[in-house]
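# Understanding the architecture of this molecule
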2 protein chains.
Amino acid sequence: MTTDATSTGAPPARRPRGRPGHDREAVLRTAIDLFNRRGYDATSISDLAAELGVTKSAVYHHFVSKEALLAAALDEALEGLSSAVEAASVATDGEPSSVRLRTTVEAAVRILADNLPAVTLLLRVRGNSVLERSAMERRRHIDERLAVLVRQAAAEGDLRGDVDPDVISRLIFGMVNSLTDWYRPGGPMDADALAATISSVLFEGLRPVPDGVVR
Amino acid sequence: MTTDATSTGAPPARRPRGRPGHDREAVLRTAIDLFNRRGYDATSISDLAAELGVTKSAVYHHFVSKEALLAAALDEALEGLSSAVEAASVATDGEPSSVRLRTTVEAAVRILADNLPAVTLLLRVRGNSVLERSAMERRRHIDERLAVLVRQAAAEGDLRGDVDPDVISRLIFGMVNSLTDWYRPGGPMDADALAATISSVLFEGLRPVPDGVVR
């Protein structure tokens, strides 16, 4: 993570120890963490300054308002998801929709795993302001790209035909988004392993692989 | 739904129209709805009384505090889930663990579908009070019964062996609990159809049934 403090080229030893958070990136990380732990409404700039061990004006030096912090956090999550979905689409151009869907699901899982705090915040947004409603709209736009792939894969006969494709989309999002409730980076399963596991459980299911069936 | 108003035997025609909520059950339903929409902390007894069109003392006649309303809501969700898991366990006594697991998952889905607002509230609880922590502990207890079945089914060879059973439990909860985000009763899919769909997607996966393989 590049921070303002390191990008100035100042030797790390000069930075006061035990008081990180003087730079923009640390302010944002701590804000996201507080918003997730206490709720956005219940967190004030004073709380954030206290948590960082700095003055309120040090926070305002980087962000003009609490909402600007929320905007930066939601942008990070949405841009990560949007770029991942776009990259998966480009990488699988011309392939069957079921392959494109699977690649997209795996890309989304990796973004969630790598940006867990910001995505957690995004998924908790309930539309209480113009900013929140705009974020929800952008999220719906990304979700819809995945839902289109589900419908196309179903139409191509590569998904089971007995479940409504829109229900399939919801169930995929349900399993993938649940990561924010339980996955913690640094454990035995990295983002790639997690992506492979989730897409395999979704597509092949929980039963043992039957003998003689190549998946 | 039985209410105090109907259980007195008074003719319904005498109840003032357009002002439901004079009875305990209606107060609780409206409180759960407000807690889910605005958040528990952001909702006051005054808000609730205003929403019901009654005085605050009319609310306090049924519940001594806001926390008593939360306690009743969480009890409803937890008792529903607990009874369903217990009934599924009794009904499948002696069967393979994978069958018991599947029956339990389906029972849990039906409870979620039938008690969506109360379960939504339960799943949002973050441990901000003794009451909330106690509810989380009871929820963990129920979750653990399902996790035991997952581990047993894996040990019996009836679940795929390449995924950690604890991860399987998380993914099952993820898909099932996501219902609170998207399922709305009264649509084309009733609770039984939803339970059958979710357990089939979990166990058999999203791919079409291969020719010649009986599932």
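Treat the numbers as computed from the prediction; the structure is a model and nothing was measured.

## As for the packing of aromatic side chains
Residue and element names in this part refer to chain A. Inspection of every chain in the model, using the stated rule, returns 4 aromatic pairs over all chains. When the centroid spacing of 4.9 Å and the interplanar angle of 75 degrees are considered together, the rings of Phe35 and Tyr40 count as edge-to-face. When sorted by exposure, Phe35 lands in the same class as Tyr40, which is buried. Summarising the aromatic geometry, the rings of Trp182 and Tyr183 are spaced 6.2 Å apart at their centres and angled 90 degrees between planes, so their arrangement reads as edge-to-face.

## Topic: the interface of chain B and chain A
Listed by partner, the interface residues are 31 residues for chain B and 32 residues for chain A. Across the chain B/chain A interface, buried area totals approximately 3,200 Å², and carbon plus sulfur atoms make up 66% of it. Applying the counting criterion to the chain B and chain A interface returns 2 salt bridges. With its nearest N and O atoms 3.2 Å apart, the salt bridge here joins Glu204 of chain B to Arg207 of chain A. On the surface where chain B and chain A come into contact, there are 14 residue pairs in polar contact (both at pLDDT 80 or more). Where the side of chain B that touches chain A is concerned, the elements lending two or more residues are helix 9 (165-177) and helix 11 (191-204) of chain B. Grouping the constituent residues of the side of chain B that touches chain A by class yields 16 nonpolar, 6 polar and 9 charged.

## Here we look at the pattern of salt bridges
In total, this model carries 34 salt bridges over all chains according to the counting rule given. With its nearest N and O atoms 3.0 Å apart, the salt bridge here joins Glu204 of chain A to Arg102 of chain A. With a gap of 102 residues between them, Glu204 of chain A in helix 11 (residues 191-204) and Arg102 of chain A in helix 6 (residues 97-114) connect regions that are remote in the sequence. Its salt-bridge partner being Arg139 of chain B, residue Asp143 of chain B comes within 3.9 Å of it at the nearest N-O pair. On the criterion of helical spacing, the pair formed by Asp143 of chain B and Arg139 of chain B is a turn pair, its members being 4 residues apart in helix 8 (residues 130-155). Classification of Asp143 of chain B by relative accessible area gives partly exposed; the value is 21%. Salt bridges here are not isolated pairs; linked through shared partners, they connect Asp33, Arg37, Arg38, Asp47 and Glu51 of chain A.

## Points about the confidence of the model for chain A
One rule of thumb: low pLDDT means the predicted coordinates there are not for detailed reading. Overall, the predicted model of chain A reaches an average pLDDT of 89, with 87% of residues at or above 70. Between residues 1-21 of chain A, whose pLDDT stays under 50, and residues either more than four places distant or in other chains, the model counts 22 contacts.

## Focus on the nonpolar core
Counting residues in each nonpolar core, the largest one holds 135 residues, and the members touching the most others are Ile172 of chain A together with Ile172 of chain B. With residues up to four places along the chain from it excluded, the contact list for Ile172 of chain A reads Leu101, Val105, Leu146, Val150 and Leu202 of chain A together with Leu206 of chain B.

## Notes on the relation of the copies chain B and chain A
After a rotation of 180 degrees and a shift along the axis of 0.0 Å, chain B superposes on chain A with an RMSD of 0.0 Å. Both copies are brought into coincidence by an operation consistent with a two-fold rotation axis. When each C-alpha of chain B is compared by its distance to the rotation axis, Gly205 of chain B comes out closest, at 1.8 Å.

## Looking at the environment of Asp33 of chain A
All names here are of chain A. Secondary-structure assignment places Asp33 in helix 2 (residues 24-38). Residue classification places Asp33 among the partly exposed positions, given a relative accessible area of 34%. Measuring from C-alpha to C-alpha, the distance between Asp33 and Thr120 comes to 9.8 Å, with 87 residues separating the pair along the chain. Within polar-contact distance, the side chain of Asp33 engages the side chain of Arg37 at 2.7 Å.

What counts as what
- Residues numbered from 1 in each chain as written.
- Chains lettered and ligands numbered in written order.
- Predicted model: local features only at pLDDT ≥ 70, side-chain atom pairs only at ≥ 80, totals over all residues.
- Heavy atoms only, no water.
- Phe/Tyr/Trp six-rings, centres within 6.5 Å; stacked < 30°, edge-to-face > 60°.
- Buried < 20%, exposed > 50% of the residue type's maximum accessible area, 1.4 Å probe, protein only.
- Contact = heavy atoms within 4.5 Å.
- Buried area = accessible area lost by both parts, 1.4 Å probe.
- Salt bridge = Lys/Arg side-chain N within 4 Å of Asp/Glu carboxyl O.
- Polar contact = N/O pair within 3.5 Å; in protein donor to acceptor, adjacent residues only side chain to side chain.
- Helix = DSSP H or I, 4+ residues; strand = E, 2+ residues; numbered from the N terminus.
- Nonpolar A, V, L, I, M, F, W, Y, C, P; charged D, E, K, R; others polar.
- pLDDT = per-residue confidence, 0-100.
- Core = buried A, V, L, I, M, F, W, Y, C linked by side-chain atoms within 4.5 Å.
- Least-squares fit on C-alpha atoms with pLDDT ≥ 70 in both.

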